[in-house]
Amino acid sequence: TDTNDFVIGVTIVKISETESCTQYVNIYSDWQPGAQNIDDSESEHSCLSLELDFVPYQLGHVNLGSHTFWRLGGSDNKIHVFSEDESIQSYVELEEEETLAEFAETLPCVPLFTDQFAEYGVRTTATVCENGYLVVSKVDEERNEILQTWNRNFAGPLTGVAFIRPQPSLGKPREFMSKLLKSGSIDESTSGSFPLSLAVGYSLNESMVFNDLEKNGLNDCKTLQSSFDYDCVTSLWVADLTFEGRPTIMLGTYGQELLGYTQNPETSEWLLAWHMPVSAPILGIRYADLTGDGVKEVIVITATGVQVLQHNLESVKEIALTRLHKLISQIESTS
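The written sequence of each chain sets the order in which its residues are numbered from 1. In keeping with the model being predicted, local features are shown solely for residues with a pLDDT of at least 70 and side-chain atom pairs are shown and tallied solely at 80 or more, while totals for entire chains, interfaces and linings include all residues. Just so you know, side-chain values use all the structure's heavy atoms and leave hydrogens and water out.

**So, unusual backbone geometry**
Next, step 1: Even without being glycine, D212 reaches a positive phi, approximately 50°.
Next, step 2: Numbering of helices and strands starts at the N terminus; helices are DSSP runs of H or I of at least 4 residues and strands are runs of E of at least 2. Relative to the helices and strands, D212 resides in the loop between β14 (208-210) and α2 (213-216).
Next, step 3: The residue D231 is not glycine, and still its phi comes out positive at about 75°.
Next, step 4: Residue class for D231 comes out partly exposed when judged on its relative accessible area of 38%. Each residue gets one of three labels from its accessible area relative to the maximum for its type: buried under 20%, exposed over 50%, partly exposed in between, using a 1.4 Å probe on protein chains only.

**Description of the pattern of salt bridges**
Next, step 1: For this document, the term salt bridge refers to a Lys or Arg side-chain nitrogen within 4 Å of an Asp or Glu carboxyl oxygen. In total, this model carries 9 salt bridges according to the counting rule given.
Next, step 2: Its salt-bridge partner being E102, residue R123 comes within 2.7 Å of it at the nearest N-O pair. Taken as a pair, R123 in strand β9 (residues 122-129) and E102 in the loop between β7 (90-93) and β8 (111-119) lie far apart in primary sequence, 21 residues in all. For the pair R123 and E102, a shared accessibility class is recorded, and that class is buried.
Next, step 3: R143 is paired through a salt bridge with D140; the nearest N and O atoms lie 3.1 Å apart.
Next, step 4: Judged by relative accessible area, D140 falls into the buried class, the value being 16%.

**Overview of the nonpolar core**
The tendency in soluble globular proteins is for nonpolar side chains to be buried side by side.
Next, step 1: Ranked by internal contacts, the top residues of the largest apolar core, which has 18 residues, are L134, V136, L198, V200 and F210.
Next, step 2: Looking at this core, the elements that each hand over two or more residues are β9, β10 (133-140), β12 (158-164), β13 (197-202) and β14.
Next, step 3: The criterion used for residue contact is that any of the two residues' heavy atoms lie within 4.5 Å. When residues no more than four places from it in sequence are discounted, the contact partners of L198 are A126, L134, V136, V161, A162, F163, I164, M208, V209, F210 and L213.
Next, step 4: Only buried residues count toward a nonpolar core. Its members are Ala, Val, Leu, Ile, Met, Phe, Trp, Tyr and Cys residues joined through side-chain atoms within 4.5 Å. The next biggest cluster of nonpolar side chains, apart from the first, holds 13 residues, and it includes L224, V238, L251 and W270.

**Considering a nonpolar patch on the surface**
Next, step 1: Together, L283, L290, I301, V306 and V308 give the surface a local cluster of nonpolar side chains, amounting to about 440 Å² of exposed area.
Next, step 2: Its place among the elements puts I301 in strand β21 (residues 297-302). Patches here: salt-bridge-free residues with over 30% relative accessible area, like charges joined within 9 Å, nonpolar side chains (Val, Leu, Ile, Met, Phe, Trp, Tyr) joined within 5 Å. Surface accessibility follows the Shrake-Rupley procedure with a 1.4 Å probe radius. Residue values consider only the protein chains on display as shielding.

**Focus on the sheet that holds strand β20 (residues 282-288)**
Next, step 1: One open sheet accounts for 3 strands, arranged β20-β21-β22; its pairing is antiparallel. Two strands bound the open sheet, and with one partner strand each, they are β20 and β22 (306-309). Here the strands of the sheet are splayed against their neighbours by 20° on average, with no regard to which way each runs.
Next, step 2: Bridge count between β20 and β21: 6 bridges; the pairing is antiparallel. When the bridges of β21 are listed, G284 appears paired with I301. Any two strands between which DSSP finds at least two bridges are classified as paired. Lines fitted to C-alpha atoms define the axes, with helix axes restricted to the stretch in contact, and inter-axis angles between N-to-C directions lie between 0 and 180 degrees.

**Observations concerning the sheet that holds strand β1 (residues 7-15)**
Next, step 1: Ordered by their spatial adjacency, 3 strands build an open sheet running β1-β2-β3, and the pairing between neighbours is antiparallel. Across the chains shown, the open sheet's two edge strands, defined by having one partner strand only, are β1 and β3 (47-52). Along the sheet, successive strands turn relative to each other by an average axial angle of 25°, direction set aside.
Next, step 2: Relative to β3, strand β2 (residues 21-29) runs antiparallel, the two being bridged by 6 bridges. By the bridge assignment for β3, Y28 is matched with C47.

**Considering the packing of aromatic side chains**
Next, step 1: When two rings of Phe, Tyr or Trp (its six-membered ring) have centres within 6.5 Å they constitute a pair, described as stacked for plane angles under 30 degrees, edge-to-face for angles over 60, and tilted for the intermediate range. For the coordinates displayed, the defined rule picks out 3 aromatic pairs.
Next, step 2: Between F117 and F163, the aromatic rings sit 6.5 Å apart at their centres with planes inclined by 50°, giving tilted as the arrangement. One end of the pair, F117, is in strand β8; the other, F163, is in strand β12, with 46 residues separating them in the sequence.
Next, step 3: With relative accessibility at 21%, the residue F117 sits in the partly exposed group.
Next, step 4: A connected cluster of aromatic rings, assembled from ring pairs, spans F154, Y202 and F210.
Next, step 5: Lying across the ring of Y24, K14 places its NZ or CZ 5.3 Å from the centre. A ring has a charge above it when a Lys NZ or an Arg CZ is no more than 6 Å from the ring centre and no more than 35 degrees off the ring normal.

**Some thoughts on the pairing of β22**
Next, step 1: Relative to β22, β21 is paired through 4 bridges, and the arrangement is antiparallel. Counterpart to V300 in the pairing with β22 is Q307.
Next, step 2: Taking the residues between adjacent antiparallel strands as the criterion, β21 and β22 are bridged by 3 residues.

Structural data, given as structure tokens:
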């Protein structure tokens, strides 16, 4: 919100002296409802703890307009959705008839990972399960109705999923794009975005990419060659590491290797561009700005710690300056 600086969710499993387990999701924030500012909120009261009757798996969030929901996969084969209830200054789980449409049904097995992509009022959600079940749903965000669903089954656990959407090499402000369209400098048919594809991590064989979901559903499947050569894939993330609008698929493996795949622009084939060893089996990959300098870092979570891989800042500076000059040149040429 405009008042909250950040909200952090953490899932916890506590084991008592009798070896019984109790599960919680803790939600921490800088500011609590009712406080005029952060200083009015005591630190011990900045955590809301909700007890769970299932073992938690992946915790994430869904942005819908100005509202943010928490989503949490559970051992009960469901994805639970939590929303803030300001009247009681807490978070509550949405009932089945109120929850987000794609999470209303119980899954055939434990959901291990979910990714979402929202554009023009349509939210596309992909979930992979412990038994190899993959489901992709398109949802009308305003009506909260499922528009289309695809699913496939595989022989073993699917360990990660991420949407792939290439972008133009030079991003342009909306006002600039509108001006180009009106002037006829570019054709409207070529100004749209690239197709939405899906990368899926597979624990028992090579991981894969499903190309152009809108056109092909889950029928056009291409494997990522050599992705099973370094033991099973445990995690997956997609990010534009080159700042060229072409995503890199990063795979983390139990064999202590980080793999990077890029797409050949001529053949559209995904090729292993690089791989690097890490100190322990990889548990997770993220791409985020940890240092606050505006440049994201690759964060590799391993069984023994965390490794952070940074870009060469001099190279980033040169790319930024080149793009700025190109954008200025394009604006001047159409003015």
